[in-house]
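Results of the structural survey
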Number of protein chains: 2
Amino acid sequence: MTVEGIPKYKEIAAKKIAERNAKFVKEWLIPAEKLPQLQDVSNWIPKSGYLSEEELKITESDASEIVKNVKSKEWSALQVTKAFCHRASIAHQLVNCLSEVFFEEAFKQAEDLDKYQEETGKVKGPFHGLPISLKDNLNIKGQATSIGMVEFAFNPEQMEEDSVIVKLFRDMGAVFYAKTNVPVAMMMPETTNHIFGNTSNPLNRNLSAGGSSGGEAALLALKGSPIGVGSDIGGSIRIPASFQNIYAIRPTFGRFPTYGSRSGLPGLESVNSVNGPLSSDLEAIELYCKSVIDQEPWNHDPKVVEIPWRKVELPSKLNVAVLTDDGWVRPTPPIRRGMSIVIDALKKDGHDIIEWNPAEHFRLSQIISSFFVSDGGIHIKEVTKATGETFFPYMQNYGTTPEMGVAQLWKLQAERTSLIKKFLDRWNATAEKTGNGKPIDAIIMPATPFPGNPNGKFHDYVGYTSPFNLVDYSVGIFPVTRADKDLDPKDEKRESFYSKTDENIWKDYDPVESHGGAVALQLVGRRHQEEKVIEMLKVVRDLL
Amino acid sequence: MTVEGIPKYKEIAAKKIAERNAKFVKEWLIPAEKLPQLQDVSNWIPKSGYLSEEELKITESDASEIVKNVKSKEWSALQVTKAFCHRASIAHQLVNCLSEVFFEEAFKQAEDLDKYQEETGKVKGPFHGLPISLKDNLNIKGQATSIGMVEFAFNPEQMEEDSVIVKLFRDMGAVFYAKTNVPVAMMMPETTNHIFGNTSNPLNRNLSAGGSSGGEAALLALKGSPIGVGSDIGGSIRIPASFQNIYAIRPTFGRFPTYGSRSGLPGLESVNSVNGPLSSDLEAIELYCKSVIDQEPWNHDPKVVEIPWRKVELPSKLNVAVLTDDGWVRPTPPIRRGMSIVIDALKKDGHDIIEWNPAEHFRLSQIISSFFVSDGGIHIKEVTKATGETFFPYMQNYGTTPEMGVAQLWKLQAERTSLIKKFLDRWNATAEKTGNGKPIDAIIMPATPFPGNPNGKFHDYVGYTSPFNLVDYSVGIFPVTRADKDLDPKDEKRESFYSKTDENIWKDYDPVESHGGAVALQLVGRRHQEEKVIEMLKVVRDLL
């Protein structure tokens, strides 16, 4: 405690917020009384009149259009950057999605790019002049990386080096202007922390943005960024992407560089965090993946695997396994309806649909949870203790789980390896069930049981996403529809529930409260098959 | 203790040995008095008169010749198998290199292959009729896997499933006839254990075969096998390959399947064991790598990476960094002479030679040693305790090191990751030192400080090999020459030594005792660049 009874962590957080807030462009800030009271703000910005016609045109453009227009000098990099900064500023006022703000630096960076183009007649790279938003854990030279922990708000105040992927984007000509909000240590499925507070969902502000890439997904849904980078260790790209109805890829570890970003659990390798792109535009996702891999990131990150970006030819008809209910938590009606929409569309188009048996999923989701706290929360306790910040309910187990010994860790790791082999064998064995004797190309299934959850009511069940962090498959998220109070009435109470979590999620679902929430699903491909996943996402998108 | 005062483990070991010995073909066993008393038995077999002319011709042939001749029906698979079984039997009598022996099963397998070819007119795969020897840790359906631990001699007596790589070889038509000796748990650099005893070095039986793939390398050096599979977690392929003057590849983890073999430290993932080929024929190594990867092992092992076997074009002149002395243990004179031979040959051929700075090596070798015992030896203690087998001197730390907590493991893993990034950056930075502005293609350096060590005197210094397990680079071993008592006199005593180990290794080196020992070196390429490493090995071989 400091003088006057204000806890130290609150004092530091207040200072950080004040400094961050001073970095917004004052003329762009909308007076509180002019801000909407709507739940659904997803279409408010274009209609609000706060953006100029030109700003609107730029920010409604796809990434490829933007780089094309900067290259042709239709737009300057500065013009584009200002437009996105302005829109991001409004987005932040609507859903509280930004952590770090550095518009001034972005303007300078854009001016330098314009000058470079003026002087050389060339663009710096495939992202020349494209603003890109970054999840808070990515280090940018000169900015802080707090990952939602008060101790890191000013420690260091300025990072000395870019994360490898940030450096690659810098070399490709991208412009950095903001980092996006995350939960404490990025280890909660909702985006809230003691510095920047909670990020809410633009589709329905009663709902959470999800986590941990929640600030990123919310900003992207409001088109305050054409493309952004998230990270995923148990669902942290997929949950918020699905809650915001945007596209995203959780790649296999080793496909994209991860070195040099701040981890909530540094040194954890039993499961590896990965980063990947999120965007409302699927082609932007493809541009991102191809461009990053064309930079040969294996020469910059010691854990990246030398697999070039490959051209994929899909079979004319896909073999798809579907999983609507994992037997541990039954998805709420909007998600089940979303699954039906996709299954019907695929069947109608002649694709071969079989059922997926989630035999290993639940145990994998238990094991991954054990990995997260295998250090007994020692790191997180140390960092929080430094400022006295308190634990959110989702984080309690980091305070209470005893540290594991390495012998026990080895047992769990061996068990995981045996489970992921079984998973692979079962994937191959689907060849016996499909019509053409080939195994499935993908699994399509929910990413969460609900279309966004009321803030604070995620119930921490990540069993629809976390098994894929352990099998380490490449997974895409795609939007399907939105929850509808009339189409998605509450289920009758079942005679028995799979689990307490299942019952609580049933209980919490309120069709009115969830109205307008996102219904997005996962498409799971094999390891290192990001190219194929993107092609399959295109097929599904074109059908819907 | 059992009755009569014989420790349980000795009783079990004796039973195992008796059963194993009964599996040799009696007519092939050479009476003790007819066995040579030579130190160097590397050329004894061809001259001994125990092999028929045909058996000699077959066993002196390269792998590609063998599969060609079986395919053309010049030789039957059975004929080939019998020839190698016979030669392996003699090899074993010379250096004690085999653990499991199953010639009868091999004859049956070969007959089935011949029958298959007769009936279908086709061969089963690219290894049809090729005998392949396997390090003991690889599981073969129906055989035991003792990995040098008495408890596993009969537990289980018969494995129920092939390791993934064994299954791939079976599908390719390879014939299994023997497994080869390893040290206890494969965690010593010399091949000895309480079941099968010590494997000695055919080039000079005063010297150790090295470990842990020592039985394999000794058998291959005596051409009791055309190609074999070893495994490497700190040097276990490279040390014995270098001691026996044969070729070998330690691949990057994820290039070849490792699933389903018995580990001495199951569940350890801070550093991953890999397996790879050893052979006296470099083209056999290439055939192995290409054939395995053409089977798409990523569809069978959940940790294999989807990288096809690629055609590599080397630059006409290579950039090579050399490291003759790592500053912790000075290599003995034969090894330094070997380095000179190679450096001179490369320079003469116009390749660009710079020095390699081993800045991260020593700390990496410390960290890997900590990883090995991070479970406090709990697993090894449990397994040895089951039969009461005693610890060899090299294994003492598995009995004495306390178990590490996961928090400490995370710290070490994070430090390792930061070191391997530095290593990569320094590799890239060599571009500033080479003549053509490109980074080095390879590092050439010793694999051990000596040309084989006297049995029991390895001093456990694996600092020339183990750093590459952590950076996880692809490494080849190639033979250069042999130690010569006249060319390699002992160094004068230096005023100061780098370390106690350095001094001991200087002290132990005796030119007469080491005479004829192997001088083989390492060629280190980047991650997942096994193709390029093989091409570079060809360049070096052709120069020598």
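Analysis parameters
Residues numbered from 1 in each chain as written. Chains lettered and ligands numbered in written order. Predicted model: local features only at pLDDT ≥ 70, side-chain atom pairs only at ≥ 80, totals over all residues. Heavy atoms only, no water. Helix = DSSP H or I, 4+ residues; strand = E, 2+ residues; numbered from the N terminus. Buried < 20%, exposed > 50% of the residue type's maximum accessible area, 1.4 Å probe, protein only. Contact = heavy atoms within 4.5 Å. Areas by Shrake-Rupley, 256 points an atom, 1.4 Å probe, with all protein chains shown as cover. Lys, Arg positive; Asp, Glu negative; His and termini not counted. Charge placed at Lys NZ, Arg CZ, Asp CG, Glu CD. Buried area = accessible area lost by both parts, 1.4 Å probe. Salt bridge = Lys/Arg side-chain N within 4 Å of Asp/Glu carboxyl O. Pairing = 2+ DSSP bridges. Axes fitted to C-alpha atoms, helices over the stretch in contact; angles between N-to-C directions. UniProt positions renumbered as here; feature names shortened; annotations may be inferred. Least-squares fit on C-alpha atoms with pLDDT ≥ 70 in both. Domains from an automatic or database assignment. Polar contact = N/O pair within 3.5 Å; in protein donor to acceptor, adjacent residues only side chain to side chain. Nonpolar A, V, L, I, M, F, W, Y, C, P; charged D, E, K, R; others polar. Core = buried A, V, L, I, M, F, W, Y, C linked by side-chain atoms within 4.5 Å. Expected span 1.5 Å × (residues − 1).

Side note on the overall build of chain A
- Secondary structure summary: chain A contains 18 helices and 11 strands in total.
- Each of the three principal axes of chain A carries a C-alpha extent, and together these read 60 × 60 × 50 Å.
- Each of the 544 residues in chain A was classed as buried or not, and the buried ones make up 63%.
- Summarising the internal contacts of chain A: among those between residues at least 6 apart in sequence, 80% fall at separations of at least 24.
- On chain A, roughly 19400 Å² of surface is accessible, and the fraction owed to carbon and sulfur atoms is 50%.
- Computed over 63 positive and 72 negative side-chain charges, the separation of the two mean positions in chain A equals 2 Å.

Points about the interface of chain A and chain B
- The interface of chain A with chain B comprises 44 residues on the first partner and 44 residues on the second.
- For the pair chain A and chain B, the two sides together bury roughly 3600 Å², of which 56% comes from carbon and sulfur.
- Of all residues in chain A, Pro 302, Glu 306 and Trp 410 of chain A give up the largest surface area on contact with chain B, accounting jointly for 20% of the area buried on that side.
- For the pair chain A and chain B, the number of links is 4 salt bridges.
- The closest approach of N and O atoms between Glu 306 of chain A and Arg 310 of chain B, which form a salt bridge, is 3.7 Å.

Considerations on the sheet that holds strand S10 (residues 474–482) of chain A
Residue and element names in this part refer to chain A.
- As summarised here, the arrangement of the 11 strands in space is S1-S3-S2-S4-S6-S5-S10-S11-S9-S7-S8, forming an open sheet in which the pairing is mixed. Each edge of the sheet is formed by a strand with only one pairing partner; in this case those strands are strand S1 (98–101) and strand S8 (352–355). Recorded for the sheet is a direction-independent mean angle of 30° between the axes of neighbouring strands.
- As paired elements, S10 and strand S11 (residues 518–525) share 8 bridges and run antiparallel to each other. Note that in S11 the partner of Thr 481 across the bridge is Val 519.
- Those strands touched by helix H5 (residues 77–95) are S1, strand S2 (131–135) and strand S3 (175–180), and its axis lies near 10° from that of S3.
- Seen against the sheet, helix H8 (residues 214–221) touches S1, S2, S3, strand S4 (228–232) and strand S6 (274–279) and runs at an angle of roughly 150° to S2.

Points about the UniProt feature "binding site: substrate" (unreviewed entry) in chain A
Residue and element names in this part refer to chain A.
- UniProt's feature table lists "binding site: substrate" (unreviewed entry) at Met 186, Ser 212, Ile 233, Gly 234, Gly 235 and Ser 236, given in the numbering used throughout. For the annotated residues, spread through 51 residues, the largest C-alpha to C-alpha distance comes to 10.7 Å, consistent with a single compact locus.
- Structurally, Ser 212 is set in the loop between S3 and H8.
- For Gly 234, the position within the fold is in the loop between S4 and helix H9 (238–243).
- Accessibility expressed as a relative area gives 8% for Gly 234, which makes it buried.

Thoughts on the pairing of S2 of chain A
All names here are of chain A.
- By the criterion of burial, S2 is predominantly enclosed, with 5 of the 5 residues buried.
- Pairing analysis gives 4 bridges linking S2 to S3, with the strands arranged parallel. Residue pairing for S3: Pro 131 is matched across the bridge by Val 175.
- By the bridge criterion, 2 bridges tie S2 to S4 in an arrangement that is parallel. Bridge pairing links Ser 133 to Gly 228 in S4.

Description of the relation of the copies chain A and chain B
- Overlaying chain A on chain B yields an RMSD of 0.0 Å, the required transformation being a rotation through 180° with an accompanying axial translation of 0.0 Å. Here the transformation between the copies is reduced to the relation of a two-fold axis. Every residue of chain A has its C-alpha some distance from the rotation axis, and the shortest such distance is that of Gly 405 of chain A, at 2.3 Å.
- Both copies present the same face, since 100% of the interface residues in chain A are matched by interface residues at the equivalent positions in chain B.

Thoughts on the domain arrangement of chain A
Residue and element names in this part refer to chain A.
- Domain annotation of chain A identifies domain 1 (52–299) and domain 2 (319–543).
- Distance from the C-alpha centre of domain 1 to the C-alpha centre of domain 2: 24 Å.
- Counting residues at the interface gives 55 residues for domain 1 and 67 residues for domain 2.
- Note on domain 1 versus domain 2: buried area summed over both sides is about 4900 Å², and carbon and sulfur give 60% of it.
- A salt bridge links Glu 531 to Arg 255; its shortest N-O distance comes to 2.7 Å.
- Linking domain 1 with domain 2 are 37 residue pairs in polar contact (both at pLDDT 80 or more), by the criterion used here.
- The class makeup of the residues in the side of domain 1 that touches domain 2 is 28 nonpolar, 18 polar and 9 charged.

Some points on the nonpolar core
- Counting 114 residues, the largest nonpolar core has Phe 372, Met 395 and Ile 443 of chain A together with Phe 372, Met 395 and Ile 443 of chain B as the members making the most contacts within it.
- Setting aside its immediate chain neighbours within four residues, Phe 372 of chain A contacts Met 187, Ile 233, Gly 234, Leu 265, Leu 268, Val 271 and Tyr 398 of chain A together with Trp 410 of chain B.

Comments concerning helix H5 (residues 77–95) of chain B
Residues and elements named next belong to chain B.
- With 19 residues, H5 should cover 27 Å at 1.5 Å per step; its first-to-last C-alpha distance of 26 Å lies within 8% of that length.
- Most of H5 sits inside the fold, with 16 of its 19 residues counted as buried.
- Just past H5, the residue Asn 96 takes up positive phi, approximately 60°.

Section: the UniProt feature "domain: Amidase" (unreviewed entry) in chain A
- With numbering matched to this structure, UniProt assigns "domain: Amidase" (unreviewed entry) to residues 80–533 of chain A.
- Between the C-alpha atoms that bound residues 80–533 of chain A there is a distance of 30 Å. The span itself is 34% helix and 13% strand.

Side note on the sheet that holds strand S1 (residues 98–101) of chain B
Residues and elements named next belong to chain B.
- What the 11 strands build is an open sheet, ordered S1-S3-S2-S4-S6-S5-S10-S11-S9-S7-S8; its pairing is mixed. Strand pairing shows two members of the sheet lacking a second neighbour, S1 and strand S8 (352–355), which therefore form its edges. Going from strand to strand, the sheet's axes swing by 30° on average, the running direction of each strand aside.
- On the sheet, H5 packs against S1, strand S2 (131–135) and strand S3 (175–180) and is oriented at approximately 10° with respect to S3.

Remarks on the pattern of salt bridges
- Across all of its chains, the model carries 67 salt bridges over all chains by this definition.
- Between Arg 482 of chain B and Asp 40 of chain B there is a salt bridge whose closest N-O contact spans 3.0 Å. Taken together, the residues Arg 482 of chain B in strand S10 (residues 474–482) and Asp 40 of chain B in the loop between helix H1 (8–21) and helix H2 (44–48) connect sequence positions 442 residues apart.
- Through salt bridges with shared partners, a single ionic network connects Arg 255, Arg 310, Glu 530 and Glu 531 of chain A together with Glu 306 of chain B.

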